[in-house]
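What follows is each chain in one-letter form.
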Amino acid sequence: MNPQAKLLSITSLLLGSTITITSNHWVMAWTGLEINTLAILPLISKSHHPRAIEAATKYFLVQAAASALLLFSSMTNAWYIGQWDITQLTHPTSCLLLTAAISIKLGMVPFHFWFPEILQGTSLTTGLLLATALKFPPITLLLLTSPSLNPTLLTTMAVASAALGGWAGLNQTQTRKILAFSSISHLGWMAIILVYNPKLTLITFYLYCLMTIPIFLTLDTIKTLKLTTMSTAWTKIPSLTATLMLMLLSLAGLPPLTGFLPKWLIIQELTKQEMTPTATIIALLSLLGLFFYLRLAYCATITLPPNSINHMKQWQTNKSTKMLTTTFITLSIMLLPLSPMIFAAP
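Residues numbered from 1 in each chain as written. Predicted model: local features only at pLDDT ≥ 70, side-chain atom pairs only at ≥ 80, totals over all residues. Heavy atoms only, no water.

Under the annotation held in an unreviewed UniProt entry, the protein carries the name NADH-ubiquinone oxidoreductase chain 2 and is attributed to Thamnophilus aethiops. For the record of the protein, the UniProt heading Subcellular location (unreviewed entry) holds the text "Mitochondrion inner membrane". (UniProt positions renumbered as here; feature names shortened; annotations may be inferred.)

*Asks:* Explanation requested: the domain arrangement of the protein in the structure shown.
*Replies:* For interface size, the figure often reported is the accessible area lost on association. Under the domain assignment used here, the protein contains domain 1 (1–130) and domain 2 (150–306 + 321–337). The C-alpha centroid of domain 2 is placed 23 Å from the C-alpha centroid of domain 1. Taken together, both faces of the contact between domain 1 and domain 2 bury some 1900 Å²; the carbon and sulfur share is 77%. Across the domain 1-domain 2 interface, the total number found is one salt bridge. (Domains from an automatic or database assignment. Buried area = accessible area lost by both parts, 1.4 Å probe. Salt bridge = Lys/Arg side-chain N within 4 Å of Asp/Glu carboxyl O.)

*Asks:* What's the story with the UniProt feature "domain: NADH:quinone oxidoreductase/Mrp antiporter transmembrane" (unreviewed entry) in the protein in this structure? I'm lost.
*Replies:* UniProt tags residues 23–287 as "domain: NADH:quinone oxidoreductase/Mrp antiporter transmembrane" (unreviewed entry). The span residues 23–287 is 74% helical and 0% strand by assignment, and the distance between its end C-alpha atoms comes to 39 Å. (Helix = DSSP H or I, 4+ residues; strand = E, 2+ residues; numbered from the N terminus.)

*Asks:* What exactly am I supposed to notice about the nonpolar core here?
*Replies:* Soluble globular proteins: nonpolar side chains tend toward being buried together. Tyr59 and Leu130 are the most contacted members of the largest nonpolar core, which totals 102 residues. Among the elements that take part in this core, helix α10 (residues 198–221) stands out by supplying 12 residues, more than any other. When residues are assigned to domains, this core turns out to be shared by domain 1 (1–130) and domain 2 (150–306 + 321–337), each giving three or more. When residues no more than four places from it in sequence are discounted, the contact partners of Tyr59 are Thr37, Ile40, Leu41, Ile44, Trp114, Ile118, Leu130 and Leu134. (Core = buried A, V, L, I, M, F, W, Y, C linked by side-chain atoms within 4.5 Å. Buried < 20%, exposed > 50% of the residue type's maximum accessible area, 1.4 Å probe, protein only. Contact = heavy atoms within 4.5 Å.)

*Asks:* Could you clarify how one ought to interpret the packing of aromatic side chains in this entry?
*Replies:* For any pair of aromatic rings, the description consists of the separation of the ring centres together with the inter-plane angle of the planes. Inspection of the entire model under this criterion finds seven aromatic pairs. Aromatic pair Trp114 and Phe115: ring centres 5.4 Å apart, planes at 75 degrees, arrangement edge-to-face. Overall, Trp114 belongs to the buried group, its relative accessible area being 9%. Under the relative-accessibility criterion, Phe115 is labelled buried at 1%. Taken together, the ring pairs in this structure connect Tyr59, Trp114 and Phe115 into an aromatic cluster. Over the ring of Phe115 we find Lys135, and its NZ or CZ is 3.9 Å from the ring centre. Positioned above the aromatic ring of Trp189 is the side chain of Lys263, whose terminal nitrogen or guanidinium carbon lies 5.1 Å from the ring centre. (Phe/Tyr/Trp six-rings, centres within 6.5 Å; stacked < 30°, edge-to-face > 60°. Lys NZ or Arg CZ within 6 Å of the ring centre and 35° of its normal.)

*Asks:* I keep staring at helix α15 (residues 323–334) and nothing clicks. Help me out?
*Replies:* When the terminal C-alpha atoms of α15 are compared, their 16 Å separation across 12 residues agrees well with the 16 Å that a helix rising 1.5 Å per residue should span. Buried within α15 are the following residues: Thr325, Phe328, Ile329, Ser332 and Ile333. Buried residues of α15 fall within an arc of 125 degrees about the axis and therefore sit on the same side. Of the residues in α15, the exposed ones pointing more than 90 degrees away from the buried face are Met323, Leu324 and Met334. (Expected span 1.5 Å × (residues − 1). Arc of directions from axis to C-beta.)

*Asks:* Honestly, the pattern of salt bridges in this entry has me stumped. Any pointers?
*Replies:* If the charged atoms of two oppositely charged side chains come close together, the side chains can form a pair. What the rule picks out here adds up to four salt bridges. A salt bridge links Lys58 to Glu54, with the nearest nitrogen and oxygen atoms 2.9 Å apart. Of this pair, Lys58 and Glu54 both sit in helix α3 (residues 50–81), four residues apart, roughly one helical turn. A single salt-bridge network, built from bridges that share partners, covers Arg51, Glu54, Lys58, Glu117 and Lys177.

*Asks:* Explain unusual backbone geometry to me, please; I cannot follow it from the model alone.
*Replies:* The general pattern is negative phi for most residues beyond glycine and trans for most peptide bonds. For the bond from Val109 to Pro110, the omega torsion is 5 degrees, close enough to zero to count as cis. Along the chain, Pro110 falls in the loop between α4 (92–106) and α5 (114–121). Residue Pro256 follows Pro255 across a cis peptide bond; omega there is 5 degrees. Secondary-structure assignment places Pro256 in the loop between α12 (238–252) and α13 (260–272). The phi torsion at His48 lies on the positive side, around 60 degrees, for a residue other than glycine.

*Asks:* I keep staring at a nonpolar patch on the surface and nothing clicks. Help me out?
*Replies:* Residues Val27, Met75 and Trp84 make up a contiguous nonpolar surface patch of about 240 Å² in total accessible area. Checked against the element boundaries, Trp84 lands in the loop between α3 and α4. Looking at Trp84, the relative accessible area reads 31%, which means it is partly exposed. (Patch = residues over 30% accessible without salt bridge, like charges linked within 9 Å, V, L, I, M, F, W, Y side chains within 5 Å. Areas by Shrake-Rupley, 256 points an atom, 1.4 Å probe, with all protein chains shown as cover.)

*Asks:* What exactly am I supposed to notice about the packing of helix α8 (residues 151–169) against helix α14 (residues 276–302) here?
*Replies:* Two packed helices can be described by the angle between their axes and the distance between those axes. The interhelical angle for the contact between α8 and α14, taken along N-to-C directions, is 25 degrees, at an axis separation of 8 Å. Viewed along their axes, α8 and α14 adopt a mutual orientation that is roughly parallel. Remark: the crossing between α8 and α14 carries left-handed chirality. Contacts from Thr155, Val159, Ala162, Ala163, Gly165, Gly166, Trp167 and Gly169 in α8 reach Thr278, Ile281, Ile282, Leu285, Leu288, Gly289, Phe292 and Arg295 in α14. A class-by-class count of the residues in the contact of α8 with α14 yields nine nonpolar, six polar and one charged. (Axes fitted to C-alpha atoms, helices over the stretch in contact; angles between N-to-C directions. Parallel < 35°, antiparallel > 145°, perpendicular 65-115°, else oblique. Left-handed = near helix turned anticlockwise from the far one by under 90°. Nonpolar A, V, L, I, M, F, W, Y, C, P; charged D, E, K, R; others polar.)

The following block contains the structure:
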C-alpha cells in the first residue's frame, strides 16, 4: 500500500475517533463515526484479494446501516425532546434505536455476524485496529448515554454475547476468527456492567485492548493464521511463543494475570447490585472461552506436530522482537498487582 495513502488513512482514523469522543452534538459524533468507516476501508481492502474486497464491502454496508440508525435515533430524540446533546438522550424509542445502532457497530449479539467474517478477510494488523481502536468511539457513546439505556435489554444482550462468543469459538481453527469471537465475548462483559458502573466498562475495555494488542502482534510476527501452522511456529521464536500462552491465559481471565482484574471487579459489582444469578451465569460462560484459549495455547507451546510426513521445519529467526510488542506483553501479563491503585482512584 502507498505510504502516503496509509498515512492519510491512519490520520483520518485518529481524526474521526477524536471528533466522536470529544463531541457533545449527535451530528458531530455521527460525522466522526463516518470518517472512521471511510478511513478503515482502504486498510481492509489493501491486499486486493477477493476475500479482502468482500470484507470491505460487508464492513461498509453494515457500518452505513448502523450510522443511519444512530442518526435516526438522535433525530427522533430531537423531534420529541428538542435536544441534540448526547447526554440528553431520554426518549425510550431513541434509546432502543441507539442500543441497536451501537450494537451493530460493535458486533454484539444479535448483530455479530459481520465481525468474524470481516476479521477473517483482513490482515492481522487491520484486524487489530478493528478489534480495538475502532470500538472505542461507539463505547464512548454508550458511556455518555448509559443512564438512559434499558438495563434488562443490555443484560440480555451481554449474556447472549458472552454465550455465543464462547460457543462459536469452540469449533474454529482460524486464529483471526477465534480472536473475533473472543472480542464478542468480552463485549458481553463490558455491556453487562455498563448501566451500573460505566467506569468499570471503560477499565474492562482498556485492559481488553492491552491484552489483545500483544496477541495480534505476536501472531503477526510469527506469521500464524491457523492452528495447524501454529503448532510448527514454535521453532521460529521460542521465547515469544512461550509468552503467547501466558497472554492467552490472561485473556481468559485466570489469576494472577492481568485479565483476572476486570472479571473479578465486574462479578463483585454485579453481586453488590444483587444480580448474583447473572454474575454466576456470565462467570460460567467464560469457561467456554477458557477452553479455546487453552486449545490455542496447547497448539502454540505444548504440542508437537505429527512427523509422519516430511514436514519442513521453520528456521529459528535471529530477529529481535519489537520493543512495542515486549512492552505490551509485559503489561498484559503482570498488571494485576497494580489493582489497589485502581481501587484507590476516585
